[in-house]
Amino acid sequence: MSTTPLLSAESAESNRAAVSVNTSLDGLFSSSVPLGAQSTTSSRLQSEEQVVQIIDTLENTVEMLKHTVRPIMPNARKRILGRRFTNTLLPLAIVWQVLNVIILTLIDKNISNEEIARHPLDNKYFFAGVVVMVVFQMIHMVVVVIASVKLAKQVLHRTATSSFLVQSYLSTVLLFAGVYTLLFRADKSAWKGIMEDKNDEASVQSNTYIAQAFAIMLYYSVTTMTGTGFGDIHPVSWYLYLIVTAQMLLAVVYTTTIFARGLTILGGAKFRLAGEGGSATAATRSARSASMPPTII
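What this report covers is the structure whose coordinates are included nearby. Since we're looking at a predicted model, the values are computed, not measured.

Rules used in this analysis
Residues numbered from 1 in each chain as written. Predicted model: local features only at pLDDT ≥ 70, side-chain atom pairs only at ≥ 80, totals over all residues. Heavy atoms only, no water. Helix = DSSP H or I, 4+ residues; strand = E, 2+ residues; numbered from the N terminus. Contact = heavy atoms within 4.5 Å. Areas by Shrake-Rupley, 256 points an atom, 1.4 Å probe, with all protein chains shown as cover. Phe/Tyr/Trp six-rings, centres within 6.5 Å; stacked < 30°, edge-to-face > 60°. Buried < 20%, exposed > 50% of the residue type's maximum accessible area, 1.4 Å probe, protein only. Lys NZ or Arg CZ within 6 Å of the ring centre and 35° of its normal. Expected span 1.5 Å × (residues − 1). Axes fitted to C-alpha atoms, helices over the stretch in contact; angles between N-to-C directions. Nonpolar A, V, L, I, M, F, W, Y, C, P; charged D, E, K, R; others polar. Salt bridge = Lys/Arg side-chain N within 4 Å of Asp/Glu carboxyl O. Core = buried A, V, L, I, M, F, W, Y, C linked by side-chain atoms within 4.5 Å.

Assigned secondary structure in the protein consists of nine helices and two strands. Ordered by position in the sequence, the α and β elements of the protein form the string α-α-α-α-α-α-α-β-α-β-α. Sequence-distant contacts in the protein: of pairs separated by 6 or more residues, those separated by 24 or more amount to 76%. When the accessible surface of the protein is split by element, carbon and sulfur atoms take 67% of a total near 18,900 Å².

Right, let's talk about the packing of aromatic side chains for a bit. Scanning all chains against the criterion turns up nine aromatic pairs. Arranged with centres 4.5 Å apart and planes meeting at 35 degrees, the rings of Trp96 and Phe136 form a pair that is tilted. Pair noted here: Trp96 is in helix H4 (residues 89-108) and Phe136 is in helix H6 (residues 124-156), with a separation of 40 residues, a long-range link. With relative accessibility at 27%, the residue Trp96 sits in the partly exposed group. Residues Tyr180 and Tyr220 carry aromatic rings whose centres are separated by 5.4 Å and whose planes lie at 70 degrees to one another, so their mutual orientation is edge-to-face. Of this pair, Tyr180 sits in helix H7 (residues 162-186) while Tyr220 sits in helix H8 (residues 209-225), and the two are 40 residues apart along the sequence. Note on accessibility: Tyr180 and Tyr220 belong to one class, buried. Aromatic ring contacts, followed pair by pair, group Phe176, Tyr180, Trp191 and Tyr220 into a single cluster. Cation over ring: Arg185 sits above Phe126, and NZ or CZ is 4.2 Å from the ring centre.

For H6, spanning 33 residues, the distance from its first C-alpha to its last is 48 Å, which sits close to the expected 48 Å at 1.5 Å a residue. Here H6 has its buried residues at Phe126, Gly129, Val130, Met133, Phe136, Gln137, His140, Val144, Ala147, Leu151 and Gln154. Phi for Arg158, located one or two positions after H6, is positive at around 60 degrees.

Where H4 contacts H8, the two axes come as close as 8 Å, and the packing angle between them is 145 degrees. Residue-level contacts link Gln97, Val101, Leu104, Thr105 and Asp108 of H4 to Ile210, Ala211 and Phe214 of H8. Taken together, the residues of the contact of H4 with H8 sort by class into five nonpolar, two polar and one charged.

Within the secondary structure layout, Asp108 lies in helix H4. Taking the relative accessible area as the measure of exposure, Asp108 reaches 0% and is therefore buried. With near-sequence residues (within four places) excluded, Asp108 lies in contact with Ile116, Arg185, Ser206 and Ile210.

Attention shifts here to the side chain of Ser168. Checked against the element boundaries, Ser168 lands in helix H7. The class for Ser168 is buried, based on a relative accessible area of 1%. Excluding residues within four positions of it along the chain, Ser168 makes contact with Leu89, Leu151 and Tyr254.

We now examine unusual backbone geometry. The residue His119 is not glycine, and still its phi comes out positive at about 55 degrees. As for its position among the elements, His119 is in the loop between helix H5 (113-118) and H6.

Let us now look at H7. A rise of 1.5 Å per residue sets the reference length of H7, with its 25 residues, at 36 Å; its end C-alpha atoms lie 36 Å apart and thus fit the reference within 8%. In terms of burial, H7 is a largely internal element, 20 of the 25 residues being buried.

Our focus in this paragraph is the pattern of salt bridges. Pairing is possible between side chains that carry opposite charge, provided their charged atoms lie close to one another. Enumeration over the complete set of coordinates arrives at one salt bridge. Note that Asp108 and Arg185 form a salt bridge whose closest N and O atoms lie 2.6 Å from each other. Residue Asp108 is located in helix H4, and its partner Arg185 is located in helix H7; the two are separated by 77 residues in the primary sequence. Accessibility expressed as a relative area gives 2% for Arg185, which makes it buried.

Turning to the nonpolar core, a few remarks are in order. In terms of nonpolar packing, the biggest core is built from 29 residues, with Tyr180, Phe184, Trp191, Ile194, Met195, Met217 and Tyr220 touching the most fellow members. Among the secondary structure elements, those contributing two or more residues to this core are H4, H6, H7, H8 and helix H9 (238-291). Counting residues per element, this core draws most heavily on H7, at eight residues. Those residues in contact with Met217 that lie beyond four places of it in its chain are Ala177, Tyr180, Thr181, Phe184, Trp191 and Ile194. Grouped together as the second largest cluster of nonpolar side chains are eleven residues, Ala147, Leu151, Ala160 and Phe164 included.

Next up, the structure:
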């Protein structure tokens, strides 16, 4: 249930209570006895009653304010959680992908070197590794989407920090590296230039195979995100073309945002330096004018 009507009603009650306090205070000061006049017993009693009424009104106002401020506390908690999320986005992404590689390495120990070089989806252990990667990358994707939406809002409101921008950028790089590793594990023939010489038992070690694949895909993700594109690794399947295109478009958005952020920081630094230089020049001129002897006409 929305808390907006509740807050509006409590705000109206607080306003009415404030009006009552002002009315009571006005009545108290208007009924006060002028200086030098004789005060009567009835006027004193009336003043005491008004003081009691004011105290009661203030107590009611305090209670209303407590009920009004209380619903705001969950928003403060959300802000704290949001700040923790933005400060730990990149470490969480690194730990998440490293944990993924470790679990897959443990699973691949049950597969022979010859089998893992063929990427056999009919092997239950190899297929289990694919399922684990799907779960890990889907969760990481949800986190990156949430971070991207939050970053977009902060950029629009000009509240985005450089730390959160860089962490979001690098988390996106890690996400695409994990997705590419997943697709390489599911379909090795969809890529060209990736571990093509490792097709026999002598050149493949199952306990390091997935770690090597992730390292290569991380390299490919970085070259794609930075626009380098050496061309030594490239996809050959249509769905990989779409995914790589999406990463390139994201790279343009991030590069533009980072470049604009850098210009803003440099512009602010130059403005501050110019202001400090102007202040120093004005101070020097004032000192010189003060030290000059007065001119006699």
